[in-house]
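What follows is each chain in one-letter form.
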Amino acid sequence: MIKTIQLLLLLLLLSTTANASGTKPTLTIYTYDSFTASWGAAPKIKEAFEKLHYCNVKFVGVSSAIGALRKIQLEGKNTKADILLGLDTSIAQVANKTGLFAKHELNTSKLVLPVTYSDENFVPYDYSYFAFVYDEEKLKNPPLSLEALASMPKDFKIIMQDPRSSTVGLGLLLWVKSVYGTKAGEYWKKLSPHILTITKGWSEAYGLFLRGEADMVLSYTTSPAYHMIEEHKYNFKTANFPKGHYGQVEVAAILKSSKNQALAKKFLTFMHSETFANIIPTTNWAYPIVKTKKGLPTAFEKLNIPSKMLLIDGKEVERNRKKIVNEWLEALGR
Amino acid sequence: MFKNYQRIKFSLLPGTLISLTLLTFAFVLFYTLYTSQENLVFTQIEPRVWLLLKFTVYQAFLSTLFSLVVGMLLAWSLAHQAKFRGRSWLVALFSSSLVLPTLIVVFGLITVLGRNGWVNQVSLYLFDYSFGAYLYGLGGILVAHVYLNASFASRSLLHSFESIPKEKYKLAKSLNFTTFQRFMYVEWPVLKPTLLSIASTIFLLCFTSFAIVLVLGGSPAYNTLEVAIYEAVKLDFDIAMALKLALIQLGLTTLLVVFSANFRTHISNLKTATQAIAWEEKREVKYLQRGIIFLFTLFFILPLFAIVVDGLGADFSKILQEKLFIKSFFTSMGLATLSSIITLLFAILLSDAKRNLSLRYRLEDLPFSKLFNIVLSFSGNLYLAIPSLIMGLGFFLLSQRYEAPLALWSTVALLTANVLMSLPFAQSVLAPAMQRTAQRYDRLVFSLNLTKIQRWVYVEYPYLKSSLGYVFALAFCFSLGDLGMIALFGSDEFSTLPWYLYQLMGSYRSSDASGVALILLVITLSAFIFLPKLFGGNHVKD
C-alpha cells in the first residue's frame, strides 16, 4: 500500500515537473487600462512579440499607471508581474525608491527624445505632450493659456485625473508648478470651480468627456489623431498654449521578483524595435522613440506640436511630489 | 433556580464563546493598528485632516437631517392614507432599500439625475434648460443618502405611528384638534424616542459612508474619512497616513456609539396591524399626503426603473461569457451564502445566551447579568464601532505580517466584514423574537422535559422561522451588495460583483456596466423575496 502511494507521488512529481518545463513561459505585464483596450497597443504588441519569442504575453490592465504600481506594492512578494509598463519619468523615481525594480543594462543613448533621459531601471518607450482636448463644434473660443483656462465663465467645466493615481493628472500639477511656481496653490483655487470631477485614470475622464459631461478634458496633443484615423472625425482639437506644454516620457521596468528575467529583458529590447515603433502611434496615440522607415501617419501632421516641452527632473519631482499634491488637495478642499 | 441553570447552561456557553471570539478579534485588530504606527506624530495634524473631518461631519449632519424630514413626511402621509391600492406593496418596496447595493443606487441615480440624465434631457427638451452637473459633489452624496435612509426611517416611523392607540385619535378628534395640534400632542410624543434612535443610526451610517462618496464625491474636496483612508492605501500607499486617519475615525465612531448606546434599529419583519385611523382628513391635507407619497415613490422607483431599462439594452451573451464576470459571480454567491449561514448561527447563539440574562426566572437576578448582557450586545454590534475600511486596513496589515495566499486573506477578510455587518441587524430582529418564545414556552418546555433538539424542532423553529428567513435574506443581500472591504482587496484574481461593476463604471464599457447592474439588482431582489421561503416562513402575526 505504502509503495503504491510512493509510486503515485513520484508519478505526480514527475508529471508536474515535466509540465513545468514543457509549458510556454508567460510574461505578465501590468499597465494602465487604455493600453490593454481592444483598440489599444497591447493586442498588437502581444501578437508581434509572441511571433518573435516562444511565450505567452499577458497584459493586466489597471485603471491607472500609478494604480498598477500600487497594485504591485500591495501584492508584495506574491506579485505575478514581470514588467511594469506605463509610468512616466516624473513618477519613475518614486517607483525606484520601492527597491522592487531591476537594472535594465540597455543602451538608451540612441533613442529619439525631445529631452535626455537615462535611468538604471526604467527605459522609455514613447513620449507625448499633455493638452486639453475639446470639440470644435461645441466650444468656439477655447482658452489658449493656463491663465485663460481658469478665467473662463462659471459653467465652463473640465475633467482632470487624480495626480495620486494618474500620470496625466500628475502631469498637470507639474505643468502648473513649472509655470506658476510658488503661486500654484492660488492658481488651483481659481481653477477648482471649473473642475467637474476628478477621475482615477485617463480612460474614465476621456469617456465622460466623449459622453458630453464636460467642455474640455486633460489628455494629449496626439488624442485628435485617434478621432481622425479611427473615426474620420475632425472636430476634436487641442488648445495650443504658446508658453509650452508639459511632456511625458513613458517608461517600463522589470520586477526584481520576476522569474522570467531573460524574457523580460527581451521585451524591453523589443520596445526599441521598429515593429514596436510602428505600432505605438496608432494604438497608444503617442510619438515613438525610434525613427522608422514608414514614418508617422499623415494625420499626425495636422496635430499641434508645442513650441517647448516642459519637464521637471524626476529626482526633483520625487523630492517635492508630496508637497505639490498636498498643495493641490488643500486648494481644492476650500 | 439551580434546576433551571442545569437546563440552560448549554445555551449560555456557545453564545459566550462567540462573544469572546468577536471581542478577541476586535482586540487583535486594535493591537495590529496600534503597533503598526511606527513614528506617528499625533501632535501634527495637517490642515487637510481637519478639512476631511469637517466635511465628513457636515455631510453626515445634512444627510441625517434631510433623511429624517423626508422620512417623517412620508411616514406621516402613509399613516394617514391607510387605504389605497398597492399600499402594502409600496411599504414593502421601501423596506427593500435596506438591502439594495449602494453602488446600484448610485448607478440608477446617475442615469436619472446626471448631467446627461433623464431629468436633464426632459427639461432640456421642454424648457431648454439643464440643471447641469450638480450630482458630483455634495449634492449627489446627499441625494443618495436620502434615497437610502429616508425610506429606512419612514418604515421605522410608520411602525411608531401605527402603535399609537386609536383611542387617542378619537379623543383628539372629539376635542377638534387641527392637523398640527394632532401631530404635536398625539403623534410627536410617540415618535420622539424612535426619531432619536434612528437619527443616531443614520448619522453613523452616513459618517462612515464609503461607496457613495467614492463614486459621487468627484473630488478630494468631497472626501469622507473612509474614502481618504482608502485613497491613502490604494493611491498613495501611505500606510502611516491611513493609520492616522483610521485612528481618528475609530475614536470618533466609538464616541458616537457610546453616546447612542440605546441603539435599536427597530426593524422587524412583523406586520403591524394596519387598522386605519378613523379620521377623515381635510381635502388639502389629503392631497398633500397623496402628493408626498407620489413624489417619493417616483424618486424611489425611477432609478431602479432606469437600471432595468438601461440594463435590458446590454449584450448579455457577451457579459455572461466574460471570465471575470463568472469568477465574480461565483465568489459573490459563495461569500453571501457562507456569511449568511454564519451570521444566522452567531445571531441565534448570541440571542439564545442573551435571553438567559433578561428573564427573571432564568438568570436575570445573578449579580453580573446586566453587565454580561451588555457585553453580549456590544460584541454583536462591533461593526458600528469599527467601519469596514478600518477593518480592511487591519486585515491588510495582518496579511503583510503573516504570509498566506492573498486569496485566503481576502476571503477571511470579506467573510468577517460581511458577518459583522449583518450581525447588528440580525440581532435586533432575532433577540426580541427569541425572548418572546422563551417567555411563552419556557414553563411548558421545562415541564415536558424536552431535550434541546426537541425544543428547537417543536417550539422554537415554528415560531422563529419567519424571523430566521428574514435574517438569512438580509445577511445574504448585505454581503452580495457590499463595496467596502473588497475595495482594498479586489483584484482580477479576487473580485465580487459590486467590485466588478465598479471597475466597469470606470471604463469605456458603460453598456456592460448597466447589464451587470441589472443582474445584481435582480439577484438581490429575488434573494430578498425568495430566500425567506426556504424556511417555510410566512409572516407570523404576533
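The rules we used
- Counting of residues starts from 1 at the beginning of each chain's written sequence and follows it residue by residue.
- As a convention, the first chain written is A and the first ligand written is 1, with the rest following in written order.
- Local features are withheld for residues below a pLDDT of 70 in this predicted model, meaning they are given only at 70 or higher, and side-chain atom pairs are given and counted only at 80 or more; totals for whole chains, interfaces and linings count all residues.
- Calculated side-chain values reflect all of the structure's heavy atoms, with hydrogen atoms and water omitted.
- Under the scheme used here, helices are H or I runs from DSSP no shorter than 4 residues and strands are E runs no shorter than 2 residues, and both carry numbers assigned from the N terminus.
- When we talk radius of gyration, it's over C-alpha atoms, and the globule rule is simply 2.2 Å times the number of residues to the 0.38.
- Exposure categories follow from relative accessible area, calculated using a 1.4 Å probe and restricted to protein chains: below 20% of the type maximum is buried, above 50% is exposed, and the middle band is partly exposed.
- Working rule for contacts: check all heavy atoms of both residues, and any pair within 4.5 Å makes them a contact.
- Accessible surface area values rest on a Shrake-Rupley calculation with a 1.4 Å probe, where residue burial reflects the displayed protein chains alone.
- Positive residues here are Lys and Arg, negative ones are Asp and Glu, while His and the chain termini are left out of the count.
- Charge placement uses NZ in Lys and CZ in Arg. For Asp and Glu, CG and CD serve respectively.
- Centre distance within 6.5 Å is the pairing criterion for rings of Phe, Tyr and Trp, where only the six-membered ring of Trp is used; planes under 30 degrees apart are then read as stacked, over 60 as edge-to-face, and the remainder as tilted.
- In these notes, a set of buried Ala, Val, Leu, Ile, Met, Phe, Trp, Tyr and Cys residues joined through side-chain atoms within 4.5 Å is what counts as a nonpolar core.
- Domain boundaries shown here were taken from an automatic or database domain assignment.
- To obtain each axis, a line is fitted to C-alpha atoms, and for helices this fit is confined to the stretch in contact; angles are then taken between N-to-C directions over 0 to 180 degrees.
- An angle below 35 degrees is read as roughly parallel, one above 145 as roughly antiparallel, one from 65 to 115 as roughly perpendicular, and any other as oblique.
- Left-handed describes a crossing whose near helix is turned anticlockwise from the far helix by less than a right angle; the clockwise case is right-handed.
- Residues are grouped as follows: Ala, Val, Leu, Ile, Met, Phe, Trp, Tyr, Cys and Pro are nonpolar; Asp, Glu, Lys and Arg are charged; all remaining types, including Gly, are polar.
- Patch definition: residues above 30% relative accessible area lacking any salt bridge, with like charges linked at up to 9 Å and the nonpolar side chains Val, Leu, Ile, Met, Phe, Trp and Tyr linked at up to 5 Å.
- When a carboxyl oxygen of Asp or Glu is within 4 Å of a side-chain nitrogen of Lys or Arg, the pair counts as a salt bridge.
- Method remark: on a 1 Å grid restricted to protein atoms, a set of points is classed as a cavity if a 1.4 Å probe fits but cannot get out and as a pocket if it is open with protein on both sides within 12 Å along at least five of seven lines; lining residues have an atom within 4 Å of a point.
- Grid points are joined across faces, edges and corners, and a volume is the space filled by probe spheres set on the points.
- Computed with a 1.4 Å rolling probe, the buried area is the accessible surface lost when two parts are put together, summed over both parts.
- Throughout this description, a polar contact denotes any pair of N or O atoms lying within 3.5 Å of each other; where both atoms belong to protein, one of them has to be capable of donating a hydrogen while the other can accept it, and for residues adjacent in sequence the pair is counted only when both atoms sit in side chains.

Within chain A, the secondary structure is distributed over 13 helices and twelve strands. Relative to the 2.2 N^0.38 estimate, which gives 20 Å for 334 residues, the radius of gyration of chain A is 22 Å and therefore close to what a compact globule would have. By its C-alpha atoms, chain A is 85 × 45 × 40 Å across when sized along the principal axes. Evaluated residue by residue, chain A yields a buried proportion of 58% over its 334 residues. For chain A, long-range pairs separated by at least 24 residues make up 78% of all intrachain contacts whose partners lie at least 6 apart in sequence. On chain A, roughly 14900 Å² of surface is accessible, and the fraction owed to carbon and sulfur atoms is 56%. For chain A, the centre of its 42 positive side-chain charges and the centre of its 30 negative side-chain charges are spaced 5 Å apart.

Now for the packing of aromatic side chains. The geometry of an aromatic ring pair is captured by the separation of the ring centres together with the interplanar angle, meaning the angle of the planes. Applying the stated rule across the entire model yields 48 aromatic pairs over all chains. Ring geometry for F183(B) and W188(B): centres 6.2 Å apart, planes at 40°, overall tilted. Between F395(B) and W409(B), the aromatic rings sit 6.3 Å apart at their centres with planes inclined by 65°, giving edge-to-face as the arrangement. In this pair, F395(B) sits in helix α18 (residues 388-401) while W409(B) sits in helix α19 (residues 406-448), placing the two residues 14 residues apart along the sequence. Each member of the pair, F395(B) together with W409(B), is buried. Taken together, the ring pairs connect Y32(A), F35(A), F49(A), F59(A), Y125(A), F267(A), F270(A) and F276(A) into an aromatic cluster.

Here we come to the nonpolar core. Counting 175 residues, the largest nonpolar core has F161(B), Y230(B), I386(B), M391(B), L393(B) and L501(B) as the members making the most contacts within it. No other element matches the 15 residues that α19(B) contributes to this core. Lining this core are residues from two domains, each supplying at least three of them: domain 1 (1-38 + 313-542) and domain 2 (57-312) of chain B. Excluding anything up to four places from it in sequence, I386(B) contacts A26(B), L29(B), L250(B) and M391(B). Counting residues in each nonpolar core, the second largest holds 117 residues, with L113(A), I158(A), F236(A) and Y246(A) among its members.

As a further point, take the packing of helix α14 (residues 323-358) of chain B against helix α20 (residues 452-481) of chain B. All names here are of chain B. Running from N to C, α14 and α20 cross one another at 135°; their axes reach a closest spacing of 9 Å. The pairing of α14 with α20 is recorded here as oblique in orientation. Read as a crossing pair, α14 and α20 show a hand that is right-handed. Its residues assigned to classes, the contact of α14 with α20 shows 13 nonpolar, six polar and five charged.

We now examine the packing of helix α6 (residues 138-163) of chain B against helix α12 (residues 283-312) of chain B. In helix packing, the relevant descriptors are the interaxial angle and the interaxial distance, both defined with respect to the helix axes. Residues and elements named next belong to chain B. Relative to each other, α6 and α12 sit at 115°, their axes nearing to 11 Å. The orientation of α6 with respect to α12, classified from their angle, is roughly perpendicular. The interaxial crossing formed by α6 with α12 has left-handed handedness. Packed against α6, whose contacting residues are V143, Y147, A150 and S151, the element α12 presents F296, F299, F300, P303 and L304 at the interface. Broken down by class, the residue content of the contact of α6 with α12 amounts to eight nonpolar, one polar and no charged.

Turning our attention to the side chain of Q289(B). Secondary-structure assignment places Q289(B) in helix α12. Beyond its immediate sequence surroundings of up to four residues, Q289(B) is in contact with W76(B), S77(B), H80(B), Q81(B), R182(B) and E281(B).

Another point: a positive patch on the surface. Together, K58(A), K80(A), K323(B) and K327(B) make up a region of like positive charge exposed at the surface. Locating K327(B) in the fold gives a position in helix α14. Residue K327(B) is classed as partly exposed on the basis of its relative accessible area of 44%.

As a further point, take empty space enclosed by the protein. Counted by the stated rule, this structure contains seven cavities of 30 Å³ or more. The calculated volume of the largest cavity comes to roughly 740 Å³. Residue lining of the largest cavity: 34 residues in total, with T102(B), L148(B), L205(B), Y383(B) and M421(B) positioned closest to the centre. Where the lining of the largest cavity is concerned, the elements lending two or more residues are α6, α8 (179-207), α9 (211-216), α17 (382-385), α19 and α20 of chain B. Of the volumes computed, that of the second largest cavity is approximately 340 Å³. As for the second largest cavity, its lining consists of 26 residues, of which Y32(A), S34(A), W202(A), Y220(A) and N284(A) are closest to the centre. The set of elements that each furnish at least two residues to the lining of the second largest cavity consists of α2 (33-36), α7 (167-180), α9 (202-210), α10 (223-231) and β10 (245-255) of chain A. Along the lines of polarity and charge, the residues of the lining of the second largest cavity split into twelve nonpolar, twelve polar and two charged.

Residues and elements named next belong to chain B. Taken as a whole, chain B is organised into domain 1 (1-38 + 313-542) and domain 2 (57-312). Between the C-alpha centres of domain 1 and domain 2 the distance comes to 24 Å. Contacts between the two partners involve 52 residues from domain 1 and, on the opposite side, 45 residues from domain 2. For the domain 1 and domain 2 pair, buried surface summed over both sides reaches about 4500 Å², with 78% attributable to carbon and sulfur atoms. Our enumeration of links across domain 1 and domain 2 arrives at zero salt bridges. Across the contact surface, domain 1 and domain 2 share five residue pairs in polar contact (both at pLDDT 80 or more). Looking at the side of domain 1 that touches domain 2, the elements with two or more residues in it are α1 (2-36), α17, α18, α19, α20, α21 (485-489), α22 (497-505) and α23 (510-534). In terms of residue count, α23 provides more of the side of domain 1 that touches domain 2 than any other element does, ten residues in total. Classifying every residue of the side of domain 1 that touches domain 2 by side-chain character gives 35 nonpolar, 15 polar and two charged.

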